[in-house]
Amino acid sequence: QAGEVTRFTVSEADFEQLRDIFRPYEGTRFECQRVITDGPYGDVTWSQEGHEDQQVRWDAGCVTGDASDIFERWDRAVAMLNALRDAG
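Residues numbered from 1 in each chain as written. Predicted model: local features only at pLDDT ≥ 70, side-chain atom pairs only at ≥ 80, totals over all residues. Heavy atoms only, no water.

Re the pattern of salt bridges
Throughout the structure, instances matching the rule amount to six salt bridges. The partner of Glu26 in a salt bridge is Arg19, and the shortest N-O contact between them spans 2.5 Å. Take Glu26: its relative accessible area is 18%, and that puts it in the buried class. A relative accessible area of 17% places Arg19 in the buried class. Taking the shortest distance from any N to any O, the salt bridge between Arg73 and Asp69 comes out at 2.8 Å. Of this pair, Arg73 and Asp69 both sit in helix α2 (residues 67–87), separated by four residues, roughly a single helical turn. You can call Arg73 buried: its relative accessible area is 15%. (Salt bridge = Lys/Arg side-chain N within 4 Å of Asp/Glu carboxyl O. Buried < 20%, exposed > 50% of the residue type's maximum accessible area, 1.4 Å probe, protein only. Helix = DSSP H or I, 4+ residues; strand = E, 2+ residues; numbered from the N terminus.)

Below, the structure is given as structure tokens:
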């Protein structure tokens, strides 16, 4: 649900595995031609104490550039986080 936040603790190893999913997009700006104007969009931010926050913007209305790669990575991250949340 939009605006809903769920917080839980993950191990260092699990965090690194999650970070590896989005690592190719750290420090880069995702640009695309927005074709579908009414799709969901937002920012994914991952934080680790003692490290700079990392963030990637995603937009379901994008159909160009690296959009399909980001969406596939998003799906993997959500599946991993759901499993970690449910196991915790």
